[in-house]
Amino acid sequence: MGDSRISVEIAAQPECWRRAARLAESTSGALPGRGERVAVIGCGTSWFMAQAYAALREAAGHGETDAFAASEAPLGRRYDRVLALTRSGTTTEVLDVLGRLAGKVRTTAITAVPDAPVAERADEVIVLDFADEESVVQTRFATSQLILLRAHLGADVAGAIADAEAAVRDPLPPELLDARQFTFLGRGWTAGVAQEAALKMREAAGFWTEAYPAMEYRHGPISITGPGRAVWTFGKLPDGLAGEVRATGGLLRASGADPLAELVRVQRVAVALAEAAGLDPDRPRHLTRSVILDDAVILDDGA
């Protein structure tokens, strides 16, 4: 892998995941309990990880779980707990939601920074400081928090960690490095992973990318696929979709690896494409590590 800071952080993910999985038992009291009605909030990458976790939690039978961009959270709804995902712990929209919920609903935050402002707003805080990053573009913190949450739901993440070791070690498929456009597809919890994959390509490489639930891809988006364009899927493909993609002349990437480990490959491809274009993946255009707004965010209290 390259010498950029983000490349170092991408390569560290298997070990970060091991540490996150070990935390699952000791932090279980701060995480949503079985039967709780939960809202998960975040911004950008954290919103997409919230979507993945919400789908996983419901599929595991742990209770109704909604995921919202923090700026769009319907604060008038009744929840037993709100879980906030925020790497920096300083994001304006997340802090605003937690402040407005104080004393009304139990709140938990997962962050990378122990003394961040979010620690003063949330009732309980889980700190993954070992997964913090210098890079603007999130990689290891996002995936480590999802491993923690998957382990808390009772999943065996050993296979995911083994697949991540291969993802950081194996050469990248050259055909992916030649693609001019990417569409990412997922189903269930991997629909959120697909959205995050597209975001990595946009952030690090400034690439034209799209993401959809896999079944929705047939309803229009397939029309952009063709030679020189790639469709990258996470998890099991819907019946017949592989043949439809190949009929367009586009490249299909479908792997049997754990979807979160496959996201690690996407991260690496995004960095490689950025460097090939002469871009600095550690300093993406127009982005900062945390979005801190000058004015208070006004949210709708309605359902």
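Residues numbered from 1 in each chain as written. Predicted model: local features only at pLDDT ≥ 70, side-chain atom pairs only at ≥ 80, totals over all residues. Heavy atoms only, no water.

Draft legend 1. Representation of the overall build of the chain. Regarding its fold elements, the chain presents eleven helices and nine strands. Taken over C-alpha atoms, the radius of gyration comes to 19 Å for the chain, in line with the 19 Å a tight globule of 303 residues would show. Along the first, second and third principal axes, the C-alpha atoms of the chain reach 55 × 40 × 40 Å. Looking at the 303 residues of the chain, the share that counts as buried comes to 57%. In the chain, 73% of the contacts between residues at least 6 apart in sequence involve partners at least 24 apart. About 12400 Å² of surface is accessible on the chain, with carbon and sulfur atoms providing 49% of the total. (Helix = DSSP H or I, 4+ residues; strand = E, 2+ residues; numbered from the N terminus. Rg over C-alpha atoms; globule rule 2.2 N^0.38 Å. Buried < 20%, exposed > 50% of the residue type's maximum accessible area, 1.4 Å probe, protein only. Contact = heavy atoms within 4.5 Å. Areas by Shrake-Rupley, 256 points an atom, 1.4 Å probe, with all protein chains shown as cover.)

Draft legend 2. Quick look at the sheet that holds strand 7 (residues 209–213). Across the sheet, which stays open at both edges, the four strands sit in the order 7-6-8-9 with parallel pairing between neighbours. Here the strands that pair on one side only, and so sit at the sheet edges, are strand 7 and strand 9 (251–254). Each strand of the sheet is rotated relative to its neighbour by a mean of 20°, with strand direction disregarded. Pairing analysis gives six bridges linking strand 6 (residues 181–186) to strand 8 (residues 229–234), with the strands arranged parallel. (Pairing = 2+ DSSP bridges. Axes fitted to C-alpha atoms, helices over the stretch in contact; angles between N-to-C directions.)

Draft legend 3. Molecular detail of helix 11 (residues 259–276). For helix 11, which comprises 18 residues, the first-to-last C-alpha distance of 26 Å matches the rise-based estimate of 26 Å (1.5 Å per residue) to within 8%. Counted residue by residue, helix 11 has 15 buried out of 18 residues, so it is predominantly covered. For helix 11, the N-terminal capping position is held by D258, with its side-chain oxygen 2.9 Å away from the main-chain nitrogen of L260. Remark: G278 follows helix 11 within two positions and exhibits a positive phi of approximately 80°. (Expected span 1.5 Å × (residues − 1). Polar contact = N/O pair within 3.5 Å; in protein donor to acceptor, adjacent residues only side chain to side chain.)

Draft legend 4. Spotlight on the pairing of strand 1 (residues 38–42). In terms of residue burial, strand 1 counts as a mostly covered element, since five of its five residues are buried. Both faces of strand 1 are covered, namely the face carrying V38, V40 and G42 and the face carrying A39 and I41. Judged from the five bridges that link them, strand 1 and strand 2 (residues 65–69) form a sheet pairing that is parallel. Paired with G42 across the two strands is A69, which belongs to strand 2. Tracing the backbone out of strand 1, into helix 3 (residues 45–59) and back to the parallel element strand 2 gives a crossover that is right-handed. (Right-handed = clockwise from strand over helix to strand, strands pointing away.)

Draft legend 5. Fine view of the confidence of the model for the chain. Here the chain averages 92 in pLDDT, and 93% of its residues register 70 or above. With pLDDT under 50 throughout, residues 296–303 is counted as low confidence; its partners more than four residues away or in other chains account for 23 contacts. (pLDDT = per-residue confidence, 0-100.)

Draft legend 6. Representation of the sheet that holds strand 4 (residues 106–111). Taken in spatial order, the five strands make up an open sheet running 2-1-3-4-5, and their pairing is parallel. In the strand order of this sheet, the two ends are held by strand 2 and strand 5 (124–127), each with one partner. Strand-to-strand twist across the sheet, computed as the mean angle between neighbouring axes with direction ignored, equals 20°. Note that strand 3 (residues 81–85) and strand 4 share five bridges and pair parallel. From the neighbouring strand, L83 faces strand 4, where its bridge partner is T108. Set on the sheet, helix 3 makes contact with strand 1, strand 2 and strand 3; between it and strand 2 the angle comes to about 170°. Contacts from helix 6 (residues 140–152) reach strand 3, strand 4 and strand 5 within the one sheet, and its direction differs from that of strand 4 by about 130°.

Draft legend 7. Representation of the side chain of T225 in the model. Residue position: T225 is located in the loop between strand 7 and strand 8. Residue classification places T225 among the buried positions, given a relative accessible area of 9%. Only 2.4 Å separates the side chain of T225 from the side chain of Y217, close enough to count as a polar contact. Filtering out sequence-adjacent residues up to four positions away, T225 remains in contact with Y217, V231, T248 and G250.

Draft legend 8. Highlighting the packing of aromatic side chains. Under the defined criterion, the tally for this structure stands at six aromatic pairs. Summarising the aromatic geometry, the rings of F182 and W232 are spaced 6.1 Å apart at their centres and angled 40° between planes, so their arrangement reads as tilted. Taken together, the residues F182 in strand 6 and W232 in strand 8 connect sequence positions 50 residues apart. Judged on exposure class, the residue F182 and its partner W232 are both buried. Site record: aromatic cluster; members linked through ring pairs are F182, F184, F207, W232 and F234. (Phe/Tyr/Trp six-rings, centres within 6.5 Å; stacked < 30°, edge-to-face > 60°.)

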